Amino acid sequence: MENKRTCLYDRHVALGALISPFGGFDMPIQYTSIIEEHNAVRHHCGVFDVSHMGEVRVTGPDAERFVNHIFTNDITGAPDGKIFYGMMCYPHGGTVDDLLVYRMGENDFFLVINAANIDKDVAWMKEHTEGFDICLDHQSDYYGQIAVQGPESEAVMEEVLSIPCRELVFYTTKTIHVDGEDVIISRTGYTGEDGFEVYGSHDYIVRLWDLLMASGRCKPCGLGCRDTLRFEVGLPLYGDELSEEISPVSAGLSMFCKFDKAEFIGREALLKEKTEGPARRVIGIELRDRAVPRHGYPVLKDGVQVGEVTTGYNSISTGKSVCMALVETAHAKLGTELEIQIRRKTFPGVVVKKRFYDKHYKK
């Protein structure tokens, strides 16, 4: 099956981007270099095409009750414009996906899901609609999305795109009416820096991209640095730190599982895991060497495998060789000495906090 292309695909080709398959789409991995693009977001402003992400609108009298049923976080009585991060889980506690839930209004929610999981997620949601008076509207084909990220993103949004956004606080959203269409603006950021997301029709998103590129005030950024940026601040990626086999509790994301709410799918299994302690945990490891640990490399204790790397890089912002890894809980304590096998050699490392670089969100 051919990969899909976003509304900005031709723009990426024209800019000479390295294109590679990701989540069923042909996506830009880098334009110049991952390091250059990473640093643009950390220090100035970078723009990502994230039109591959999925969007589902849930409306109707039972919309809040339904979202609370499939979502680990608690959206009860939240004010309009509030955004929540959390997971959808299987009854055994494994993760269907991690997602954002935007409260757009009373009984009106906008769910943003991972590109690779769109079909699975939508099928999962539909499977659980029985007994709920809701409308589930799969809108992924309508929306394009860009993410404007970095310490200069607010100025770029207001001055280049003429989108007023300074009043948005972290994890909030608003809808603006432009040229006959409703455009969704939010302030979340998957980079550890201040940043905004804009959702609109394909034509509108292409127009914004062209304005941003013409301004000279921001750099186009590919998925390569999106990964290095989220990794440095300890944010998970589905398929690496979360999966059908890796629960939010194992991933260290219990804070997004609200066990005091009446019920949600997977609650019992997750509560049991949290109470008894998970068998495995996602941790950070810093290597004493410059060798780079990669996804799937074995983690050893005294020569015996106790886990494996989920994501690893030579951190661009810190210069250290670090990784996140899923290991047996007995070896997850800070300061524990472990080794990572890279091809035929092993390299010593130590367990550290998995946030390798401090976030700089706007408070």
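About the thresholds
Residues numbered from 1 in each chain as written. Predicted model: local features only at pLDDT ≥ 70, side-chain atom pairs only at ≥ 80, totals over all residues. Heavy atoms only, no water. Buried < 20%, exposed > 50% of the residue type's maximum accessible area, 1.4 Å probe, protein only. Helix = DSSP H or I, 4+ residues; strand = E, 2+ residues; numbered from the N terminus. Contact = heavy atoms within 4.5 Å. Pairing = 2+ DSSP bridges. Axes fitted to C-alpha atoms, helices over the stretch in contact; angles between N-to-C directions. Salt bridge = Lys/Arg side-chain N within 4 Å of Asp/Glu carboxyl O. 1 Å grid on protein atoms, 1.4 Å probe; cavity = no way out; pocket = protein on both sides within 12 Å on 5 of 7 lines; lining within 4 Å. Points joined across faces, edges and corners; volume = space filled by probe spheres on them.

Among the residues making up helix 2 (residues 34-43), those that are buried are Glu37, His38, Ala40, Val41 and Arg42. Looking at the buried side of helix 2, the elements it contacts are strand 2 (25-30), strand 3 (46-49), strand 9 (144-149), strand 13 (219-221) and helix 7 (223-232).

Pairing in this open sheet of six strands is mixed, and the strands run 10-11-12-9-3-13 from one edge to the other. The open sheet has two edge strands with one neighbour each: strand 10 (173-178) and strand 13. Taken over all neighbouring pairs, the strand axes of this sheet differ in orientation by 25° on average, direction set aside. Relative to strand 9, strand 3 runs antiparallel, the two sharing four bridges. Across the sheet, the residue bridging to Val47 is Val148, located in strand 9. Taken strand by strand, helix 6 (residues 202-215) contacts strand 3, strand 9, strand 10, strand 11 (181-186), strand 12 (195-200) and strand 13, and its axis lies near 30° from that of strand 9. Packed on one face of the sheet, helix 7 meets strand 3, strand 9 and strand 13 and runs near 115° to strand 3.

A few words now on the pattern of salt bridges. Summed over the entire model, instances satisfying the criterion amount to 23 salt bridges. A salt bridge links Asp179 to Arg207; the nearest nitrogen and oxygen atoms lie 2.7 Å apart. One end of the pair, Asp179, is in the loop between strand 10 and strand 11; the other, Arg207, is in helix 6, with 28 residues separating them in the sequence. Residue classification places Asp179 among the exposed residues on the basis of a relative accessible area of 63%. Relative accessible area serves as the criterion here: at 39%, Arg207 is assigned to the partly exposed category.

With that settled, the discussion passes to empty space enclosed by the protein. In this approach a probe as big as a water molecule rolls over the atoms, and the regions it shows empty are the leftover space. Tallying each qualifying case throughout the model produces one cavity of 30 Å³ or more. Gly234, Leu235, Pro236, Glu241, Ala251, Leu253, Val282, Met324 and Lys354 together form the lining of the largest cavity.

With respect to burial, strand 2 is a largely interior element, five of its six residues being buried. Here five bridges tie strand 1 (residues 18-22) to strand 2, and the two strands are oriented antiparallel to one another. Across the sheet, the residue bridging to Leu18 is Gln30, located in strand 2. Taking the residues between adjacent antiparallel strands as the criterion, strand 1 and strand 2 are bridged by two residues, where Gly23 takes a positive phi near 60°.

Among the eleven residues of strand 6 (residues 95-105), eleven are classified as buried, and the element is accordingly described as predominantly covered. In the sheet, strand 5 (residues 83-89) pairs with strand 6 via seven bridges, with the strands oriented antiparallel. Counterpart to Met88 in the pairing with strand 6 is Asp97. Between strand 5 and strand 6, which follow one another and run antiparallel, lie five residues, and Gly93 among them has a positive phi close to 100°. The loop that links strand 6 with its antiparallel partner strand 7 (residues 108-113) comprises two residues; one of these, Asn107, has a positive phi angle of about 55°.

Coordinates in, geometry out; function isn't part of it.
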